[in-house]
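# Tertiary structure, described
Residue-level listing of the chains:
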Amino acid sequence: MSDVKELIKNKIEATPFSGNGSLQALLKTGLQVLEQEGIPTVKHEEWKYTRIASVLNKNYHYAVEKTGVSKTDVDVVRLPGYESANELVFVNGVYHAELSKILSPKDELDILTLSEAVKTDYKAIVDKHLGHSAQYHKDGINAMNNVLAYEGLFISVKKNKKLSNPVYCYYINDARSAKILSQPRTLIHVGANAEVFFVEEEITLGTDDSFINRIAEIVVEDNAQLHIYKIQNEDSHSNCVKTTHIRQIGVSKVNSVTLTLNGGMIRNNLNFILEAPGCESHMYGLYCVKGETHIDNHTIVDNVQPNSFSNELYKGIIDEKATAVFNGKIFVRQDAQKTNAYQSNKNVLLSNEATVNTKPQLEIFADDVKCSHGCTVGRLDEEALFYLRARGVGEKAAKALLLYAFAGEILDKIELEPIRKYAEEIIAERLDFDL
Amino acid sequence: MSEMLTTLEQTALSEYKYGWVTNIEADEAPPGLSEDIVRFISAKKNEPEWMLEWRLKAFRQWQKMEVPRWSNVSYPDVDFQAIKYYSAPKQKKVLNSLDEVDPELRATFEKLGISLDEQKRLSGVAVDAVIDSVSVATTFKTQLAEMGIIFCSMSEAIQEHPELIKKWLGSVVPVTDNFYSALNSAVFSDGSFCYIPKGVKCPMELSTYFRINAAGTGQFERTLIVAEEGSYVSYLEGCTAPQRDENQLHAAVVEIVALDNAEVKYSTVQNWYPGDKEGKGGIYNFVTKRGICSGINSKISWTQVETGSAVTWKYPSVILKGDNSVGEFYSVAVTNNHQQADTGTKMIHLGKNTKSRIVSKGISAGFSHNSYRGLVKVAPNAVNARNFSQCDSLLLGDKCGAHTFPYIEVKNNTAQVEHEATTSKIGEDQIFYCNQRGLDTETAVALIINGFAKEVMNQLPMEFAVEAQKLLAISLEGSVG
């Protein structure tokens, strides 16, 4: 455990980053929290079901500078529809402009590093929003990333612009010669009346272990629309903690879909902070896992202002020795009257060795609200199976059909055509379903 | 309806009607906790050596443990050295019949509405009353003894049935289970013991009444119920405490064992003093309740109506070990003013075809906070386990909070687990409907709340149901309009 702490400290000492700005402040408090809190154990309520320490306690390298990743490596990992997409490539946690491709003009999409951004007009935005997620995650994992935030990227989607080219982000860990730890950091600002699609994917090259500890903080202004899709389909030696922290500071709409198929230990933190009255948030998740994959989805919806609407639906199909964890929190603050917040988590267990730990949680301080949550764990409906079999559908095909239908509800929420098709294909393949 | 109206009117005048102090001479231990106090308590009760050893073991464990802080409640730390761990109403001689009980003590029970005489003759409920942790009277003992049922105080059971106590005490809630159960194991001064022999259906409701009377004391009672093969018992528990500015600690342990085909129904109406309107005083109610369905087809059912206590911290649980066993939990928790409640249940499915059902209704008013915290766990071997949980919260007023923390852990794919929860306030249209039909708002709210809680109230034995309905109205008095 101390290895990771040492690694971060050595890195700071090797390339000192000094000054008095918000990035430096974040670095300092990050180091403090890392020292005080350390890497969370299962005694930490937020990490009760996920043994992060054992995954982090490997001799990782923190190799930002040395990358042998070439354009041909990137070609392999591209997602469908890339021809018309802006592609941002991060290698071992750091943005690489020469591997990336920006199609949108600068007055629509502006990209620069955080240490550059604080020297421009963006300073006010960075100062105000960078590091906000730390309030919701007081642990060494979040702190570790804060320490190195100055290497992060600032993305501005300009106001009144509806981006016709989606933004694909590839986070590549190059573990071909060593175990790699990376800590990508992004701050995304979506201006008023803007609309943008983000698609995010993590990829590990090589067969060694990798760990991505990623934080994306996103600020959404008035009347803006954000669509954010994540596809997690890695090898079993790839681990990650991904924090997506979305502040809706204007009346806005955000759609999030997270698909998980493969990986080692995956932890997704998805936070929605609804800071303006009348926000709308949709969060969908599908985890279709097998092997020994451990998928942990932690979500927070924090209703600060009145009249907001949030809907959350996470579905899981868990096979073999896989484990799924779900923790959905809904906070309704005292001022957030007339909040409507719904949450649902449905799980199908396919094997006797699979495990589900779910905890849908409501904390409500306002009285005029409608909140509900529900969760189910079970196997396939015997009657539905019987119905299909009675009509001549083979057992295997019937099961696949039912499972695909179960998953389809989430896949339908992806509005980006090529990505939805791709998602349908990989899920159908996983479930042995003939499209 | 008119009865409910008058109840509300009456209770508008009386704030906490159980808040008197009885002037009974008490036999007390000095405040503080040490091995000597544990020895003192044990000696006072004339306990055998093995019991003292058991207590000391618990005490030593307790010293190593830390105060749990995970619950969603906040209160100043309890000073465990400022509490008196033993306070017994003084009795000069051994009693042969109820008539010999201190008249003042009996007057106390009459005020409580459980006149021992009356209980004995009319309602057919056998009562074991515990004041300041010492059992003072047990009614109907001889009648029960004829059927082989043992219903007596824990101290008596330790003297007279040591083999049963040795076998079962601590078998469901081990000494080291948690901070407060360890404390209880070390210092419990009395409680009730109930043993239902094989094949016996207990013909009457058994009941315990707890009351904290002396100032500066903590109450630590211990209840143990053992239901042998094919037996049945319904057990009631009620509690009150006087009004005091200080906070008093109540840390009880209840253990239930149900063997093959046995059924135990445990109902609680908890009405400890909740503190005044500013949140001053009141009882800290940190209770460990657990039952084990160790035999096949056995059933344990918890029903609770929680209206009192400043801080409640309580999770009646069932371990479903026997195949086809059933666990149930029905709860209404009402918090008003500055009360805090963190309550729920644990259903641990171990055996095949085990079923559990959880219905929890939380009502928060004033500045109070009401949390449901529950665990449903399905072990790898619990084939065909079935659980249904429902937790609904009702908020009255915009200064209170309702929280839900359900933990669901499933390790078997044949399990079917469902959980649903809702939070809302009373609809204006519902109130309007009642107003239109001539009910004032307060009556309308009482009516709606009773409807909201009906599913749980229906589980209570008759005489408790009436009391519980009134308690609901009292607790929420003044919180509307």
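These numbers were taken from a predicted model, which means no experiment stands behind them. (Residues numbered from 1 in each chain as written. Chains lettered and ligands numbered in written order. Predicted model: local features only at pLDDT ≥ 70, side-chain atom pairs only at ≥ 80, totals over all residues.)

What follows is about the overall build of chain B. Helix and strand content of chain B: 12 helices and 24 strands. The proportion of buried residues among the 481 residues of chain B is 56%. When contacts within chain B are restricted to residue pairs at least 6 apart in sequence, long-range pairs at least 24 apart make up 83% of them. (Helix = DSSP H or I, 4+ residues; strand = E, 2+ residues; numbered from the N terminus. Buried ≥ 20, exposed ≤ 12 C-beta atoms within 10 Å, placed from the backbone. Contact = placed C-beta atoms within 7 Å.)

Our next topic: the nonpolar core. Counting 250 residues, the largest nonpolar core has Leu114(A), Val190(A), Val332(A), Ala227(B) and Val264(B) as the members making the most contacts within it. Excluding its chain neighbours within four sequence positions, the residues that come into contact with Val332(A) are Asn303(A), Thr339(A), Ala341(A), Ile364(A), Phe365(A), Ala366(A), Val369(A) and Cys371(A). (Core = buried A, V, L, I, M, F, W, Y, C linked by C-beta atoms within 7 Å.)

Quick look at the interface of chain A and chain B now. Counting residues at the interface gives 32 residues for chain A, matched by 30 residues for chain B. If you list the elements that add at least two residues to the side of chain A that touches chain B, you get β19 (355-364) and β20 (370-378) of chain A. Grouping the amino acids of the side of chain A that touches chain B by side-chain chemistry returns 13 nonpolar, 12 polar and 7 charged. Examined bridge by bridge, β20(A) and strand β24 (residues 416-425) of chain B share 7 bridges and lie antiparallel to one another. Of the residues in β24(B), the one forming a bridge with His373(A) is Ala421(B). (Nonpolar A, V, L, I, M, F, W, Y, C, P; charged D, E, K, R; others polar. Pairing = 2+ DSSP bridges.)

Time to look at helix α2 (residues 35-44) of chain B. All names here are of chain B. Taken as a whole, α2 has its buried residues at Val38, Ile41 and Ser42. Considered in projection along α2, the buried side chains sweep an arc of 95° and stay on one side of the axis. With respect to the buried face of α2, the exposed residues turned more than 90 degrees away are Asp36 and Ala43. Next to the buried residues of α2 lie α3 (49-64) and α9 (179-187). Following α2 by one or two positions, Asn46 adopts a phi angle in the positive range, close to 60°. (Arc of directions from axis to C-beta.)

Right, let's get into the pairing of strand β11 (residues 253-258) of chain B. Residue and element names in this part refer to chain B. In terms of burial, β11 is a largely internal element, 6 of the 6 residues being buried. What you see with β11 is no split at all: Val253, Glu255 and Val257 on one side and Val254, Ile256 and Ala258 on the other are buried throughout. As paired elements, strand β8 (residues 221-227) and β11 share 6 bridges and run parallel to each other. Counted as the bridge partner of Thr223 is Val254 from β11. Two elements, β11 and strand β13 (residues 282-293), share 6 bridges in a ladder whose sense is parallel. Across the sheet, residue Ile256 finds its bridge partner in β13, namely Gly291.

Our next topic: the pairing of strand β23 (residues 401-410) of chain B. By the criterion of burial, β23(B) is predominantly enclosed, with 10 of the 10 residues buried. The side-chain alternation of β23(B) yields two buried faces, one formed by Gly401(B), His403(B), Phe405(B), Tyr407(B) and Glu409(B) and the other by Ala402(B), Thr404(B), Pro406(B), Ile408(B) and Val410(B). Two strands pair when backbone bridges link them, and β19(A) and β23(B) are joined in this way by 6 bridges, in the antiparallel orientation. Its bridge partner lying in β23(B), Asn357(A) is registered against Glu409(B). Where strand β21 (residues 369-378) of chain B lies against β23(B), 10 bridges are found, and the strand directions are parallel. What sits directly across from Leu375(B), in β23(B), is Tyr407(B).

All names here are of chain A. Counting through the fold element by element, Ile203 comes out in strand β8 (residues 195-205). According to the C-beta neighbour criterion, Ile203 is buried, with 20 such atoms within 10 Å. Distance in space between the C-alpha atoms of Ile203 and Tyr170 is 7.1 Å, their sequence separation being 33 residues. Setting aside anything within four residues of it in sequence, one finds Ile203 in contact with Val77, Tyr170, Ile172 and Glu234.

All names here are of chain A. We note that the domain assignment places domain 1 (4-276) and domain 2 (380-435) within chain A. Each of domain 1 and domain 2 has a C-alpha centre, and the two are 32 Å apart. Counting residues at the interface gives 13 residues for domain 1, matched by 12 residues for domain 2. Put simply, the parts of the chain that give the side of domain 1 that touches domain 2 at least two residues each are β8, β10 (225-233) and β12 (253-262). In terms of residues, the side of domain 1 that touches domain 2 owes the most to one element, β12, which gives 4 residues. A per-class count over the side of domain 1 that touches domain 2 returns 9 nonpolar, 4 polar and no charged. (Domains from an automatic or database assignment.)

The subject of this paragraph is helix α10 (residues 417-430) of chain A. Residues and elements named next belong to chain A. Look at α10: 20 Å from first C-alpha to last across 14 residues, which is about the 20 Å you get at 1.5 Å a residue. Every buried residue of α10 is accounted for by Ile419, Ala423, Ile427 and Arg430. What you see down the axis of α10 is that its buried residues fit within an arc of 60°, all on one side. In α10, the exposed positions that point more than 90 degrees away from the buried face belong to Glu417, Glu425 and Glu429. Residues of α10 that are buried sit in contact with β8, β10, β12, β14 (280-289) and α9 (395-411). Of the residues one or two after α10, Asp432 is the one with positive phi, at around 60°. (Expected span 1.5 Å × (residues − 1).)

Take the environment of Gly278(A) next. Residue and element names in this part refer to chain A. Structurally, Gly278 is set in the loop between β13 (265-274) and β14. Exposure remark for Gly278: the 15 C-beta atoms within 10 Å place this residue in the partly exposed category. Put simply, Gly278 and Gln305 are 27 residues apart on the chain and 7.8 Å apart in space, counted from C-alpha to C-alpha. With residues up to four places along the chain from it excluded, the contact list for Gly278 reads Val251, Asn307 and Ser308.

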